[in-house]
Amino acid sequence: MLNVAGELSGDSWGIFTFLCAALCNLPALPALNCTEELGAGQSIQKTYDLTRYLEHQLRTLAGTYLNYLGPPFNEPDFNPPRLARAERVPSATVDLDLWRGLTDNARLAANYRAYSRLLCYLRALDGQAGTAELRHRLGHFCSSLQGLVLSIAGVMSSLGYPLPVGPAGTPAPPGTPVAPNDFLKKMDDFWLLKELQTWLWRSAKDFNRLKKKVPPAVVTLRLEARGF
């Protein structure tokens, strides 16, 4: 009788049966599972990284926009006093000791409200920009700043803090006076960029301190044994 390819002889069947029995009676090998517990630490790190990226991005944007405004706004030593009408833009000019004395929740809420408001004014600039390149840069920056607002909201949520009352990105209140002349309009734009630069600088320091207080994401190795 011919042995058909694939058929097992008597000796082969014996070996096969022995191996199956041995495998079935072995205890299950421990399974190594790697799970990453994502929490506030990773959310804070991402927000810090985004803040530093926006700082870098703003340096390029501000240079382009101030050149668009022309002199004296694009001169390095131009440092005008803040006008009363500029008070509608959230100011980051707060005593550092007073700021650091606030709770983490209060600082995060202030950052959330400020960037939501600044985003509205930047979007208004985007609609008034006179060149395609400037509109593109402003649009890209606004998208990144919107991401920062959402990221701050994520940090607050992960720490168990409620979001400030009121929707993000509340538009400027009706009746906000329009600049009576072109120079004052440019002054408004100048102060918007200046305050935004200061907010980002301070926020980077805030998130750097906060990430040192909150433990980073933990990688846990867990052994699971089945079949005992």
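Residues numbered from 1 in each chain as written. Predicted model: local features only at pLDDT ≥ 70, side-chain atom pairs only at ≥ 80, totals over all residues. Heavy atoms only, no water.

(A) Structural view of the nonpolar core. Counting residues in each nonpolar core, the largest one holds 49 residues, and the members touching the most others are Tyr115, Leu122 and Phe141. Of all the secondary structure elements, the ones that give two or more residues to this core are helix H2 (40-69), helix H4 (104-128), helix H5 (132-158) and helix H6 (182-213). Contacts of Leu122, omitting those with residues within four sequence positions, involve Leu138, Phe141, Cys142, Leu145, Leu192, Leu193 and Leu196. (Core = buried A, V, L, I, M, F, W, Y, C linked by side-chain atoms within 4.5 Å. Buried < 20%, exposed > 50% of the residue type's maximum accessible area, 1.4 Å probe, protein only. Helix = DSSP H or I, 4+ residues; strand = E, 2+ residues; numbered from the N terminus. Contact = heavy atoms within 4.5 Å.)

(B) Empty space enclosed by the protein, seen in detail. Enumeration according to the criterion identifies one cavity of 30 Å³ or more in this entry. Every residue along the wall of the largest cavity is listed here: Leu96, Trp99, Arg100, Arg202, Lys205, Asp206 and Arg209. Of all elements in the fold, only helix H3 (96-100) and H6 reach the threshold of two or more residues within the lining of the largest cavity. Tallying contributions element by element places H6 first for the lining of the largest cavity, with four residues. (1 Å grid on protein atoms, 1.4 Å probe; cavity = no way out; pocket = protein on both sides within 12 Å on 5 of 7 lines; lining within 4 Å. Points joined across faces, edges and corners; volume = space filled by probe spheres on them.)

(C) Here's a closer look at the layout of surface pockets. There is about 200 Å³ of room inside the second largest pocket. Elements with a minimum of two residues in the lining of the second largest pocket: H2 and H6. For the lining of the second largest pocket, the leading source of residues is H6, giving four residues. When its residues are assigned to classes, the lining of the second largest pocket shows eight nonpolar, two polar and two charged. (Nonpolar A, V, L, I, M, F, W, Y, C, P; charged D, E, K, R; others polar.)

(D) Expanded view of the pattern of salt bridges. Evaluated as defined, the whole model comprises seven salt bridges. A salt bridge links Lys213 to Asp104; the nearest nitrogen and oxygen atoms lie 2.7 Å apart. Of the two residues, Lys213 is situated in helix H6 and Asp104 in helix H4; the sequence distance between them amounts to 109 residues. Of the residues examined, Lys213 reaches a relative accessible area of 56% and is grouped as exposed. One salt bridge in this structure joins Asp189 and Lys185, with 2.8 Å as the shortest N-O distance. Here the residue Asp189 and the residue Lys185 both occupy positions in helix H6, the gap between them amounting to four residues, near one helical turn. The partly exposed category is assigned to Lys185, whose relative accessible area is 25%. (Salt bridge = Lys/Arg side-chain N within 4 Å of Asp/Glu carboxyl O.)

(E) Local environment of H2. When the terminal C-alpha atoms of H2 are compared, their 41 Å separation across 30 residues agrees well with the 44 Å that a helix rising 1.5 Å per residue should span. Just beyond H2, the residue with positive phi is Gly70, at close to 85°. (Expected span 1.5 Å × (residues − 1).)

(F) Quick look at H6. In this model, H6 (32 residues) spans 47 Å end to end at C-alpha, consistent with the 46 Å of a helix rising 1.5 Å per residue. At the N-terminal boundary of H6, the capping side chain belongs to Asn181, with an oxygen 3.1 Å from the backbone nitrogen of Phe183. (Polar contact = N/O pair within 3.5 Å; in protein donor to acceptor, adjacent residues only side chain to side chain.)

(G) Just unusual backbone geometry, in detail. The residue after Pro71, namely Pro72, is reached through a cis peptide bond having omega 5°. Summarising the element assignment, Pro72 is placed in the loop between H2 and H3.

(H) The side chain of Thr51, seen in detail. Of note, Thr51 is situated in helix H2. Here the side chain of Thr51 touches Thr47 through a polar contact of 2.8 Å, landing on its backbone oxygen. Not counting chain neighbours up to four residues away, the residues in contact with Thr51 comprise Leu148, Leu200, Ser203, Ala204 and Phe207.

By themselves, these figures tell us nothing about what the structure is for.
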